[in-house]
Structures are given as structure tokens and as C-alpha cells.
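Remarks on the overall topology
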Amino acid sequence: QVQLVESGGGVVQPGGSLRLSCVASGFTFSNYDIHWVRQTPAKGLEWVASIRFVGSPQYYGDSVKGRFTISRDNSKNTVNLQMDSLRGEDTAVYYCARPTSGWAFNHWGQGTLVTVSS
Amino acid sequence: QSALTQPPSASGSPGQSVTISCTGTSSDVGGYNYVSWYQQYPGKAPKLMIYEVSKRPSGVPDRFSGSKSGNTASLTVSGLQAEDEADYYCSSYAGSNNLLFGGGTKLTVL
């Protein structure tokens, strides 16, 4: 069955960096775009970034543009999210998600918690 | 771009129907038929319930239905059951490879 497993979350100081990974299994990874979505109690769900199945182009939400970089390695069924210049408002649970069509996500990982705090 | 607007809460008794609204603009909800709805239990990942305004993924009960009129999309849950008590989020494609979510609605089954 389709599985998405995130890792790499943790506690980081403001201005620091963190790299999240999403490892996929159970489907032909190279056929699908992959997205990152984050969630906070205060703001709910927020779309963060996406990457096309061939590796480009990449797209970003306004709040992370210029600070986050999404990449993928189809040989390893992995998508990474490099997060730089982290801020307190980046504190969230980060999910990777696979769309069924267009921008509807029918498969999600379990999420990984990122906490930005001094 | 602002998040889509959902009521913070909704409620209904078992067997009743409840409708949750999701209001955007002509640049998102009103401009594209790419509205989705998700159900989320505490501590769990969201689950897709409706996509492309009114389509149901395999395995989603037909008690769940979606519609859209102008800049407002709606999720209707008919024949409410205790297990439907959860948070519900809408999302809409907003053009320029951007996606917006609503703030979420907590559905309580009385």
C-alpha cells in the first residue's frame, strides 16, 4: 500500500536550518508530484511547497519562498525539504502528501514536528 | 492571499444533515473546480473526503457530498454519525501553482 514517511523534525533555534525527508513506497514514485503541507493549532493547514514528478519545476508558498528548497531523488523515492532562516512561525507539524489529481491529496505521511525556539 | 473562510464550528444530532461552508474569491474557489475537503481526527493526518468540488474518493461514504456556488463551496454530511465528529478543512487551487486552505471547522455530533 502507499506509504509516506517523514523524518528530520526537531528543535532548532531561530535563524537555523533543518532538512526534512519524505520516503515513499507502494507506488511508482517517479510518476507523481509531491507536496509539503504544514499545520499549526493557530493557523490550521498551510500549503508549503511542491515538486513535479520529474524534479522540476518547484513551487513555494509565499511565506517560505526564498527560505525553503524542495528537491527529490527518484532513485531513492525521496523528497527533501531544506528549511533555512527558520522563524518561530515555521513551528508546525510538516506533512508530505501525494495528490490523486491536481491539488487533492489522498495520501499523507504521519507528519514530523518542527519547533523553532531559542 | 488569505486563507479560505470556514465557520469555526458546526453541529448536528445523529441522523441529521449538516453543511459546512468554505468562502473564497473569484481567484480561488470561484475560479477553479479544484475544491477539496478533508476530515481530520486529533493527532492524525487529514483524510481526503471530496475532490474537484463533488467527487468522492473510493471508500468515502456517500453521506458526504460537495458542491459549489460562486465563490462558496459546501460540504454536506447527511445522516450524521458519531464517527463524523472531527475537524474538516477545505482547500482550493488559487492559480499560479498555489493552494489555499480554510481555517477548519470542528464538527460536533450532539
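An account of the accompanying structure is given in this report. (Residues numbered from 1 in each chain as written. Chains lettered and ligands numbered in written order. Predicted model: local features only at pLDDT ≥ 70, side-chain atom pairs only at ≥ 80, totals over all residues. Heavy atoms only, no water.)

With respect to the environment of A:Ser25
- Tracing the backbone shows A:Ser25 in strand S3 (residues 18-25).
- The residues touching A:Ser25, leaving out its near neighbours within four places in the chain, are A:Gln1, A:Val2 and A:Gln3. (Helix = DSSP H or I, 4+ residues; strand = E, 2+ residues; numbered from the N terminus. Contact = heavy atoms within 4.5 Å.)

Some words on the sheet that holds S3(A)
Residue and element names in this part refer to chain A.
- Taken in spatial order, the 4 strands of this open sheet run S1-S3-S8-S7, and their pairing is antiparallel. Each of the sheet's edge strands pairs with one partner strand only, and the pair in question is strand S1 (3-7) and strand S7 (68-73). With strand direction ignored, the average angle separating the axes of adjacent strands in the sheet is 15°.
- Two elements, S3 and strand S8 (residues 78-83), share 6 bridges in a ladder whose sense is antiparallel. Within the sheet, the bridge partner assigned to leucine 18 lies in S8 and is methionine 83. (Pairing = 2+ DSSP bridges. Axes fitted to C-alpha atoms, helices over the stretch in contact; angles between N-to-C directions.)

Remarks on the interface of chain B and chain A
- Between chain B and chain A, the contact holds 16 residues from the first and 17 residues from the second.
- Between chain B and chain A, a total of about 1500 Å² is buried, with carbon and sulfur atoms accounting for 63% of that surface.
- Put simply, chain B and chain A have 0 salt bridges between them.
- Remark: the boundary between chain B and chain A carries 3 residue pairs in polar contact (both at pLDDT 80 or more).
- Every element with two or more residues in the side of chain B that touches chain A is listed here: strand S3 (35-40), strand S7 (86-93) and strand S8 (99-101) of chain B.
- For the side of chain B that touches chain A, the element with the most residues is S3(B), which contributes 3 residues.
- For the side of chain B that touches chain A, a count of residues per class yields 9 nonpolar, 5 polar and 2 charged. (Buried area = accessible area lost by both parts, 1.4 Å probe. Salt bridge = Lys/Arg side-chain N within 4 Å of Asp/Glu carboxyl O. Polar contact = N/O pair within 3.5 Å; in protein donor to acceptor, adjacent residues only side chain to side chain. Nonpolar A, V, L, I, M, F, W, Y, C, P; charged D, E, K, R; others polar.)

What to know about the state of the cysteines
- By the definition in use, this model includes 2 disulfides over all chains.
- The disulfide partner of A:Cys22 is A:Cys96, and the gap between their sulfur atoms is 2.1 Å. Here the disulfide of A:Cys22 and A:Cys96 is right-handed, its torsion about the S-S bond being about 70°. One end of the pair, A:Cys22, is in strand S3; the other, A:Cys96, is in strand S9 (residues 92-101), with 74 residues separating them in the sequence. Each of the two residues, A:Cys22 as well as A:Cys96, counts as buried.
- A disulfide bridge connects B:Cys22 with B:Cys90, and the sulfur atoms are separated by 2.0 Å. Taking the torsion about the sulfur-sulfur bond, which here is approximately 75°, the covalent link between B:Cys22 and B:Cys90 counts as right-handed. On the criterion of sequence distance, the pair formed by B:Cys22 in strand S2 (residues 18-23) and B:Cys90 in strand S7 is long-range, its members being 68 residues apart. (Disulfide = S-S within 2.5 Å. Buried < 20%, exposed > 50% of the residue type's maximum accessible area, 1.4 Å probe, protein only.)

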